[in-house]
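# Overview (structure and organization)
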Amino acid sequence: MTDTRPCLLRTTAVVGAARAAARSVRRVGSVVGLVLVTTCGVAHGQAEESRAAEIERARRAKGEALAEAPPPNKVERAFTFIEQARLFQRIFNPPRGWFAQVGGVGEGNGFTLGGGYRQPTALGALTLRGLGSLRESYLVSADFSRAFLPRDAGEVGLTVMRRHEAAQRFYGAGPDSEFDDRSSFGLSATQVEGHASVRVTRWLTGTATVGYAVPDLGASSEASRVPGTQEAFTEAEAPGLTFQPAYVTATLGALIDTRDTGNPRQGGLYLLQLRRFDDQDGGAFSFTDTRIDLQQFIPFWNLSRVLALRVLAQHADGLGQAQVPFYLMPTLGGARGLRGYERQRFRDRSLILVSAEYRYEINPFLMAAVFYDAGQVAPDWSNFRLRDFRDNYGVGFRFGYSNAVALRADLAFGGESTARLIVGFSTSF
């Protein structure tokens, strides 16, 4: 019979040794874990101390920079007061009561000044407005608007307006019109329009309008020095010259707006708008108008520099054999497009404009700008030719603050005159 006790003893000894080794490993693991936890805690604490020290150094550096900065001058103090007191909003756009308005009739009508009264009611807000200019242009309107969705996300309204633009220009249609053929006319219109808008998201808004408009051509206020269009052109050269029909109008639009403020430094604006004009006196001047406006603002160097880009395309197309009246054709030239050329210098059924501005902040209330514009008009978008682009360049200054440009001065070169000075009360785009 075989004795098995020695083998059992050896087995028991091996098992005991294994358990002792396992306990040792667990002890080592515990020690290592404790060391790691302690090390991480120390590292975390050091990191927190490092960040706190960094913040403190930044705070001291900022304080020293502010202490060394020169005190604001009178202009800067004035704009600071205007911004903090919300003076522009109280004077020009209060929620109720009297307000003032500068401009608003249209480019070329001279310095326009006026105001109005706004009264909120239980049914909505009523706004009455009247404007006039030294060039005998004017605008009177009554507007009623009512919000129908929370936080003003949806609004409906009705506007009744009478306007007269006394100094419109016409040089002939097409990209090859001659400056020496310059003429002028006055354009009046009575208009009733219902409008609705819905803000789908913070940045997407849909719009729609339906209206009735009665335009009328008349003499220009500058007829003593610029020939009248009615005498200088024929109906074949200027469709709609001898007869102006009444229109039923309809508009659909979609707007994406991600810009930051009224004087944008980042974000973009992307507009698609379709308008239809139905001639109520025979249909000879019914047409549709498509407008695409794309703007992008690219900031760098902590928003102190901005590259502003714009592409504008527009096309008016007669329905069937109908024509587009010359006074409703897209125009190119002036303060907001192709600044080196006279206002409304070029007209035709199609238009394209490309603008670029490099905006440089001199101080929080003054920006300098270097700009370049290029554009052309043609009967159709397919008729655009690279050789037909007209362009210009220039420099400018914008006075104001983050929410608005109070005054803009641009000096443009490269047009048909040596230089053109443009003064306005808003950004170029």
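Provided above is the structure to which this section pertains.
Rules behind the numbers
Residues numbered from 1 in each chain as written. Predicted model: local features only at pLDDT ≥ 70, side-chain atom pairs only at ≥ 80, totals over all residues. Heavy atoms only, no water. Phe/Tyr/Trp six-rings, centres within 6.5 Å; stacked < 30°, edge-to-face > 60°. Helix = DSSP H or I, 4+ residues; strand = E, 2+ residues; numbered from the N terminus. Buried < 20%, exposed > 50% of the residue type's maximum accessible area, 1.4 Å probe, protein only. Polar contact = N/O pair within 3.5 Å; in protein donor to acceptor, adjacent residues only side chain to side chain. Contact = heavy atoms within 4.5 Å. Patch = residues over 30% accessible without salt bridge, like charges linked within 9 Å, V, L, I, M, F, W, Y side chains within 5 Å. Areas by Shrake-Rupley, 256 points an atom, 1.4 Å probe, with all protein chains shown as cover. Salt bridge = Lys/Arg side-chain N within 4 Å of Asp/Glu carboxyl O. Lys, Arg positive; Asp, Glu negative; His and termini not counted. Charge placed at Lys NZ, Arg CZ, Asp CG, Glu CD. Pairing = 2+ DSSP bridges. Core = buried A, V, L, I, M, F, W, Y, C linked by side-chain atoms within 4.5 Å.

### Focus: the packing of aromatic side chains
Summed over the entire model, instances satisfying the criterion amount to 14 aromatic pairs. With a centroid separation of 5.2 Å and an interplanar angle of 65°, the aromatic rings of Phe 185 and Phe 326 are classed as edge-to-face. Of the two residues, Phe 185 is situated in strand 6 (residues 183-199) and Phe 326 in the loop between strand 11 (305-318) and strand 12 (331-332); the sequence distance between them amounts to 141 residues. By relative accessible area, Phe 326 is classed as buried at 0%.

### A look at the side chain of Arg 359
Take Arg 359: it is sitting in strand 14 (residues 350-363). Judged by its relative accessible area of 3%, Arg 359 falls in the buried class. A distance of 3.5 Å separates a polar side-chain atom of Arg 359 from the backbone oxygen of Phe 429.

### Some remarks on the environment of Val 354
Take Val 354: it is sitting in strand 14. Along the chain, Val 354 and Val 311 lie 43 residues apart, while their C-alpha atoms are 4.7 Å from each other. Those residues in contact with Val 354 that lie beyond four places of it in its chain are Arg 310, Tyr 372, Asp 373 and Ala 374.

### Remarks on a negative patch on the surface
Judged by side-chain charge, Asp 176, Glu 178, Asp 180, Asp 181 and Glu 237 come together as a negatively charged surface patch. Tracing the chain through its elements places Glu 237 in the loop between helix 4 (229-232) and strand 8 (247-257). By relative accessible area, which is 43% here, Glu 237 ends up partly exposed.

### Some words on the pairing of strand 9 (residues 267-279)
As paired elements, strand 8 and strand 9 share 11 bridges and run antiparallel to each other. If you follow Thr 251 over to strand 9, its bridge partner there is Arg 275. By the bridge criterion, 11 bridges tie strand 9 to strand 10 (residues 287-300) in an arrangement that is antiparallel. Counterpart to Arg 275 in the pairing with strand 10 is Asp 289.

### Concerning the pairing of strand 7 (residues 204-218)
One face of the sheet, then the other: side chains in a regular strand alternate in exactly this way. Alignment of strand 6 against strand 7, held across 14 bridges, turns out to be antiparallel. If you follow Gly 186 over to strand 7, its bridge partner there is Gly 218. Taken together, strand 6 and the strand that follows it, strand 7, pair antiparallel across an intervening segment of 4 residues.

### What to know about the side chain of Arg 305
Counting through the fold element by element, Arg 305 comes out in strand 11. For Arg 305, which is buried and forms no salt bridge, the nearest opposite charge comes from Glu 361, at a distance of 6.4 Å. A distance of 3.5 Å separates polar atoms of two side chains, one belonging to Arg 305 and the other to Tyr 358.

### So, the nonpolar core
Counting 9 residues, the largest nonpolar core is built from Phe 170, Phe 185, Leu 187, Leu 217, Phe 233, Ala 238, Leu 241, Phe 326 and Tyr 327. Setting aside chain neighbours within four positions, we find Phe 233 in contact with Phe 170, Tyr 171, Gly 172, Asp 181, Ser 183, Ala 238 and Leu 241. The next biggest cluster of nonpolar side chains, apart from the first, holds 8 residues, and it includes Leu 332, Tyr 341, Phe 346 and Leu 353.

### Focus: the pattern of salt bridges
One pass over the full model with this rule turns up 20 salt bridges. In this structure, Glu 222 and Arg 343 form a salt bridge, with 3.8 Å as the shortest nitrogen-oxygen distance. In this pair, Glu 222 sits in the loop between strand 7 and helix 4 while Arg 343 sits in the loop between strand 12 and strand 13 (346-347), placing the two residues 121 residues apart along the sequence. An identical accessibility class is assigned to Glu 222 and Arg 343; each is buried. Asp 410 is the partner of Arg 339 in a salt bridge, and the nearest nitrogen-oxygen pair spans 3.2 Å. Here the residue Arg 339 occupies a position in the loop between strand 12 and strand 13, and Asp 410 occupies one in strand 17 (residues 404-413), the gap between them amounting to 71 residues. Since its relative accessible area comes to 1%, Arg 339 is described here as buried. Relative accessible area serves as the criterion here: at 0%, Asp 410 is assigned to the buried category.

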